[in-house]
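Chain and residue survey
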Amino acid sequence: MAARRHGPKVLAIVLAGGEGKRLMPLTADRAKPAVPFGGVYRLVDFALSNLANSGYIKMVVLTQYKSHSLDRHVSMTWRMSTVLGNYVTPVPAQQRRGKQWFLGSADAIYQSLNLIHDEKPDIVVVVGADHVYRMDFSQMVEQHIDSGARVSVAAIRQEIGLAYQFGVIEPTDDGDGRIAAFREKPSDPKALADNPNEILASMGNYVFDADALIEAVTTDADNDDSKHDMGGDIVPYFVERGEAYAYDFKDNEIPGATERDKGYWRDVGTIDSYFEAHMDLVSIHPIFNLYNYEWPIVTSPGNYPPAKFVRGGSDEQGIAVSSAVSPGCIISGSVANNSVLGVDARLHSFSHVEDSVLLDGVDIGRHCRVRRAIIDKDVHVPDGVDIGADLDADRARGFTVTDSGIVVIGKGTVIKP
Ligand code: ADQ
């Protein structure tokens, strides 16, 4: 028995196959959507939470690159009751076209068309899985239906200098939201008419009439000149026909949102932006408010005991200030300041961790200093090691150091005492 439904029948497709090269070494052995964020979440939790909160609880997650931890997370955390006809299913590359993986995001959908044929939705909502934000997709679907568009593209203003990272939307002059031109990552972007410093960027989230999506990806599959990419090929296909509209993200209303976090949308696809988004979380008035339970971002980090703060061997206090500390952590005789600690992290006596992001299970020995660092899952920092104090020494030890001086220590790194 399916749940009783009001409005169109919607299937959500989450594109989760991206490699995330610019997040190396955090993506060395996990897909970008599986990268941990904010102590307890994975990046994909933002897209899935937004869809679930929008009332769209039939979701397929298309995976590809190093998808093991993503598959495990999606199937264990997001398993839903099939009794109500709801599901979140990870779908690996189907190899329906022979022994190859997906060519691009449009090919990923083409190879998974059976899921759309099985579900027979009216509308397909296609979203990326790489961003931190809140969005009510039902408002976009409503505008999509009212406008008569075949595809709607979620849009947000961005600085013109960032155009090379985005699909750039050129709206028609009459202001009805129709897209006159769409260019994927252009080197000579066209600024908005009202501001020479801004472009209208695609957020990589789309609403399609289901039959239009099927037609477009099927036509695209036979086109040898296509890169089989949603932004590069499928959106322009509809723009040429005058059937593509933009949905302005600034109109999206989220219950419980404040003036500060309304419109927050952050690509955390580089080490610097990933780090900055974490520093925002532990600031006194973060722009992104994880504590808005009216539009919850949900996950399940597993069963862990509460975080604990104890005096260490020589009576040093274990404290955390301006920090987010996940379940299972023990801060013993040491200090965490302005940092995010993933589940089950350990800080031992006389150590200081400052302006840093520690992922699950990181173990910091005694007398360590860690500054402006991101340390991946289960890395052990032996007693007496300083990280982030001498960047040349950090580079020499094989750590990744960004131009802005953030030290990243990848999973499996063995640090010499
Ligand atoms: P990019 O993020 O650069 O630009 P892409 O690398 O195709 O585009 O990634 C989009 C989404 O699809 C990501 O969530 C990624 O994980 C996923 N993905 C990529 N290849 C995939 C595959 N083969 N199988 C499954 N999933 C795959 C896109 C749009 C731009 C837009 C920006 C916004 O193309 O127009 O401006 O997103 O960040």
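Please read these numbers as outputs of a predicted model, since none were measured by experiment.

Strand order in the open sheet formed by six strands is S16-S19-S22-S25-S29-S28, and the pairing between neighbours is mixed. Each edge of the sheet is formed by a strand with only one pairing partner; in this case those strands are strand S16 (324-325) and strand S28 (400-401). Of the strand pairs in this sheet, S16 and strand S19 (residues 340-341) are connected by two bridges, and their pairing is parallel. Paired with Ala-324 across the two strands is Val-340, which belongs to S19. Set on the sheet, helix H8 (residues 271-281) makes contact with S19, strand S22 (357-358), strand S25 (373-375) and strand S29 (407-409); between it and S25 the angle comes to about 95 degrees.

Applying the stated criterion across every chain, the model contains 21 salt bridges. Between Arg-150 and Asp-209 there is a salt bridge, and its shortest N-O distance comes to 3.5 Å. Here Arg-150 is found in the loop between helix H5 (137-147) and strand S8 (151-159), whereas its partner Asp-209 is found in strand S11 (residues 198-209), with 59 residues between them in sequence. Look at Asp-209 and you get buried, because its relative accessible area is 18%. Asp-315 is the salt-bridge partner of Arg-311, the closest N and O atoms lying 4.0 Å from each other. On the basis of relative accessibility, which here comes to 52%, the residue Asp-315 falls in the exposed class.

Now for the site of the ligand. Residues in close proximity to the ligand total 26 residues, the closest being Gly-17, Gly-18, Glu-184, Lys-185 and Ser-202. In the model, an oxygen atom of the ligand is placed 2.6 Å from a nitrogen or oxygen of the Glu-184 side chain. In the complex, the protein chains occlude 84% of the 710 Å² of accessible area that the ligand would expose alone. Residue assignment for the shell around the ligand shows that the elements contributing at least two residues are helix H3 (105-111), strand S10 (179-184) and S11.

Let us look at the side chain of His-73. By secondary structure assignment, the location of His-73 is in helix H2 (residues 68-77). Owing to a relative accessible area of 9%, His-73 belongs among the buried residues under this scheme. Dropping the residues within four chain positions of it, His-73 is found in contact with Arg-42, Val-44, Asp-45, Trp-78 and Thr-299.

Turning to its location among the elements, Ser-339 is positioned in the loop between strand S18 (335-337) and S19. Non-local contacts of Ser-339, meaning those with residues more than four positions away in its chain, are made with Val-282, Ser-322, Ser-323, Ala-324, Val-353, Glu-354, Asp-355 and Ser-356.

If you check UniProt for "binding site: alpha-D-glucose 1-phosphate" (unreviewed entry), the listed places come out as Gly-167, Glu-184, Lys-185 and Ser-202 in our numbering. Considering the C-alpha atoms alone, the annotated residues occupy 36 residues of sequence yet fold into one spot, their largest mutual distance being 10.1 Å. The residues contacting Glu-184, other than those within four sequence positions of it, are Phe-166, Gly-167, Asp-229, Gly-231 and Gly-232. Checked against the element boundaries, Ser-202 lands in strand S11. In this structure Ser-202 comes out as buried when scored by relative accessible area, which is 7%. With near-sequence residues (within four places) excluded, Ser-202 lies in contact with Val-153, Ala-154, Phe-166, Gly-167, Ile-169, Phe-182 and Trp-265.

Formed by 39 residues in total, the largest nonpolar core has its most connected members in Val-14, Leu-48, Leu-51, Val-125, Met-135, Phe-137 and Met-203. Among the secondary structure elements, those contributing two or more residues to this core are strand S1 (10-15), helix H1 (44-53), strand S4 (58-62), H2, strand S6 (123-128), H5, S8 and S11. With residues up to four places along the chain from it excluded, the contact list for Val-14 reads Val-44, Ala-47, Leu-48, Leu-51, Val-60, Val-61, Leu-62, Val-127, Gly-128 and Ala-129. Core analysis: the next-biggest nonpolar cluster, separate from the first, contains 36 residues, Leu-113, Leu-192, Phe-208 and Ala-212 among them.

Here strand S9 (residues 167-171) lies mainly inside the structure; four of its five residues are buried. Taken together, the five bridges between S9 and S10 define a ladder with antiparallel strand orientation. Considered in S10, the bridge of Glu-170 is made with Ala-181. Where S9 lies against S11, two bridges are found, and the strand directions are antiparallel. Within S11, the residue paired with Ile-169 across the bridge is Leu-200.

With that settled, consider the pairing of S8. In terms of burial, S8 is a largely internal element, seven of the nine residues being buried. Of the pairings in the sheet, the one linking S8 to S11 comprises eight bridges and is antiparallel in character. By the bridge assignment, Ile-156 is partnered in S11 with Ala-201. Pairing of S8 with strand S12 (residues 244-248), which is carried by five bridges, proceeds in the parallel orientation. In the sheet register, Val-153 faces S12, and the bridge partner there is Ala-246.

Below, the discussion takes up the sheet that holds strand S24 (residues 369-371). Reading across from one edge, S15-S18-S21-S24-S27 is the order of the five strands in this open sheet, with parallel pairing throughout. On the outer flanks of this sheet lie strand S15 (319-321) and strand S27 (386-387), each paired with one strand and no other. Bridge count for S24 against S27 is two bridges, and the pairing is parallel. Bridge pairing links Arg-369 to Asp-386 in S27.

This part covers the packing of aromatic side chains. Working definition: an aromatic ring pair is given by the centre-to-centre distance plus the angle between the planes. Under the counting rule described, the total for this entry stands at ten aromatic pairs. On the basis of an interplanar angle of 50 degrees and a centroid distance of 5.7 Å, the ring pair of Tyr-41 and Phe-46 is categorised as tilted. The residues Tyr-41 and Phe-46 share a single accessibility class, namely buried. Here Phe-166 and Trp-265 contribute two aromatic rings whose centre-to-centre distance is 5.9 Å and whose plane-to-plane angle is 40 degrees, an arrangement assigned as tilted. Linking Phe-166 in the loop between S8 and S9 with Trp-265 in strand S13 (residues 265-267), this pair joins segments that are 99 residues apart in sequence.

Conventions adopted
- Residues numbered from 1 in each chain as written.
- Predicted model: local features only at pLDDT ≥ 70, side-chain atom pairs only at ≥ 80, totals over all residues.
- Heavy atoms only, no water.
- Pairing = 2+ DSSP bridges.
- Helix = DSSP H or I, 4+ residues; strand = E, 2+ residues; numbered from the N terminus.
- Contact = heavy atoms within 4.5 Å.
- Axes fitted to C-alpha atoms, helices over the stretch in contact; angles between N-to-C directions.
- Salt bridge = Lys/Arg side-chain N within 4 Å of Asp/Glu carboxyl O.
- Buried < 20%, exposed > 50% of the residue type's maximum accessible area, 1.4 Å probe, protein only.
- Near = heavy atom within 4 Å.
- Polar contact = N/O pair within 3.5 Å; in protein donor to acceptor, adjacent residues only side chain to side chain.
- Areas by Shrake-Rupley, 256 points an atom, 1.4 Å probe, with all protein chains shown as cover.
- UniProt positions renumbered as here; feature names shortened; annotations may be inferred.
- Core = buried A, V, L, I, M, F, W, Y, C linked by side-chain atoms within 4.5 Å.
- Phe/Tyr/Trp six-rings, centres within 6.5 Å; stacked < 30°, edge-to-face > 60°.

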